[in-house]
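# A look at the structure
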Amino acid sequence: MENETIGYGQYCPISRALDLLGERWSLLIMRDLLTGTTRFNDLARGLPGLSRSLLVKRLRRFERAGLVEKMGSRYLLTEAGRELEPILFGLGAWGARWTFGDPEPEELDPDLLVWWMHTRLDTSSFPGKRQVLGVRFTDEPKRYWIVVESGDASVCDTDPGFPVDVLITSDVSTLYQVWLGRVPLHHAVRTGRVEFLGPSALTRHMGTVLRLSPVA
């Protein structure tokens, strides 16, 4: 196994940056911190291929380097960490233009997609203090419910027992591509690849309720 403690041995700012951020998973952890995830368990859930022990190791290194500060149970970006935003999302823009083809089957994780989606919902156009969105994939037997209580969203994979306001139906690949901005939502709806089932007073707002990924 490659020794991660060995740097590039070059006196160069790019080399120094890669010593800190070039390790596996580092930029994806930073991506999630930059998009508002602050708690360890939420970071772990959004990075299902990353072991919790390695996540601890990466976060501790970020702390020592002054990229994050741990405040209670939260990891908050410092000025140095926040200044990575244009760099990281610039890399995302480059990837979207030059490397972003159709998804591979092993990249399509419905649990992760619904988890990502729930962090970007805006149900302020819906009435009441509680809104429930159901998610049903046509090619995945598992069902999901996103419950928003006074603006705070959570994901359930068992029926929470509340009436569903709008049911979102799609195949996993299409909803991934809509979420990441590769397929326009209006096109997916018009072609029947995404359906919103519920009262028209609510479904007509879904274009603003489903805010896309920050890298879309």
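Residues numbered from 1 in each chain as written. Predicted model: local features only at pLDDT ≥ 70, side-chain atom pairs only at ≥ 80, totals over all residues. Heavy atoms only, no water.

- As recorded in an unreviewed UniProt entry, the protein goes by the name Transcriptional regulator, listed as coming from Nocardia huaxiensis.

## Description of the packing of aromatic side chains
- Using the criterion set out here, one finds two aromatic pairs in the structure.
- Relative to Tyr176, the ring of Trp116 has its centre 6.3 Å away and its plane inclined at 85 degrees; by these criteria the two rings are edge-to-face. Of this pair, Trp116 sits in helix α7 (residues 110–118) while Tyr176 sits in helix α8 (residues 172–179); the two residues are 60 residues apart in sequence, bridging distant segments of the chain. Like Tyr176, Trp116 is buried. (Phe/Tyr/Trp six-rings, centres within 6.5 Å; stacked < 30°, edge-to-face > 60°. Helix = DSSP H or I, 4+ residues; strand = E, 2+ residues; numbered from the N terminus. Buried < 20%, exposed > 50% of the residue type's maximum accessible area, 1.4 Å probe, protein only.)

## Re a nonpolar patch on the surface
- A grouping of Leu27, Leu91, Trp94 and Trp98 is seen on the molecular surface, where their side chains present a nonpolar patch of about 460 Å² in accessible area.
- No other element matches the three residues that helix α6 (residues 85–98) contributes to the nonpolar patch. (Patch = residues over 30% accessible without salt bridge, like charges linked within 9 Å, V, L, I, M, F, W, Y side chains within 5 Å. Areas by Shrake-Rupley, 256 points an atom, 1.4 Å probe, with all protein chains shown as cover. Salt bridge = Lys/Arg side-chain N within 4 Å of Asp/Glu carboxyl O.)

## Structural notes on the packing of helix α2 (residues 26–34) against α6
- Between α2 and α6, the shortest axis-to-axis distance is 11 Å and the interhelical angle comes to 115 degrees. When the axes of α2 and α6 are compared, the pair comes out roughly perpendicular. Two packed elements cross with a definite hand, and for α2 against α6 that hand is left-handed. Of the residues in α6, those touching α2 at Leu27, Met30, Arg31 and Leu34 are Glu85, Leu88, Phe89 and Leu91.
- Residue composition of the contact of α2 with α6, grouped by class: six nonpolar, no polar and two charged. (Axes fitted to C-alpha atoms, helices over the stretch in contact; angles between N-to-C directions. Parallel < 35°, antiparallel > 145°, perpendicular 65-115°, else oblique. Left-handed = near helix turned anticlockwise from the far one by under 90°. Contact = heavy atoms within 4.5 Å. Nonpolar A, V, L, I, M, F, W, Y, C, P; charged D, E, K, R; others polar.)

## Concerning the layout of surface pockets
- If you add up the space inside the largest pocket, you get close to 1400 Å³.
- If you go around the largest pocket, you meet 45 residues; those closest to its centre are Leu28, Arg31, Phe100, Trp116 and Leu180.
- Looking at the lining of the largest pocket element by element, the count peaks at six residues for α6.
- Each residue belonging to the lining of the largest pocket can be placed in one class, and the counts come to 22 nonpolar, 13 polar and ten charged.
- Both domain 1 (13–99) and domain 2 (105–209) contribute no fewer than three residues apiece to the lining of the largest pocket. (1 Å grid on protein atoms, 1.4 Å probe; cavity = no way out; pocket = protein on both sides within 12 Å on 5 of 7 lines; lining within 4 Å. Points joined across faces, edges and corners; volume = space filled by probe spheres on them. Domains from an automatic or database assignment.)

## Quick notes on the UniProt feature "domain: HTH hxlR-type" (unreviewed entry) in the protein
- Per the UniProt record, "domain: HTH hxlR-type" (unreviewed entry) is found at residues 12–103.
- The span residues 12–103 carries 61% helix and 9% strand; its end-to-end C-alpha distance comes to 36 Å. (UniProt positions renumbered as here; feature names shortened; annotations may be inferred.)

## Brief notes about the pairing of strand β1 (residues 68–71)
- Note: β1 against strand β2 (residues 74–77), four bridges, orientation antiparallel. Its bridge partner lying in β2, Val68 is registered against Leu77.
- Counting the residues between successive antiparallel strands, the hairpin from β1 to β2 contains two residues, one of them, Gly72, with a positive phi of roughly 65 degrees. (Pairing = 2+ DSSP bridges.)

## Structural notes on the domain arrangement of the protein
- Partitioning the protein into domains gives domain 1 (13–99) and domain 2 (105–209).
- A separation of 27 Å is found between the C-alpha centroids of domain 1 and domain 2.
- In total, domain 1 and domain 2 occlude about 470 Å² of area from one another, counting both sides; carbon and sulfur atoms represent 59% of this.
- Summed over the three residues of domain 1 that lose the most area to domain 2, namely Arg45, Gly46 and Pro48, the buried surface amounts to 71% of that side. (Buried area = accessible area lost by both parts, 1.4 Å probe.)

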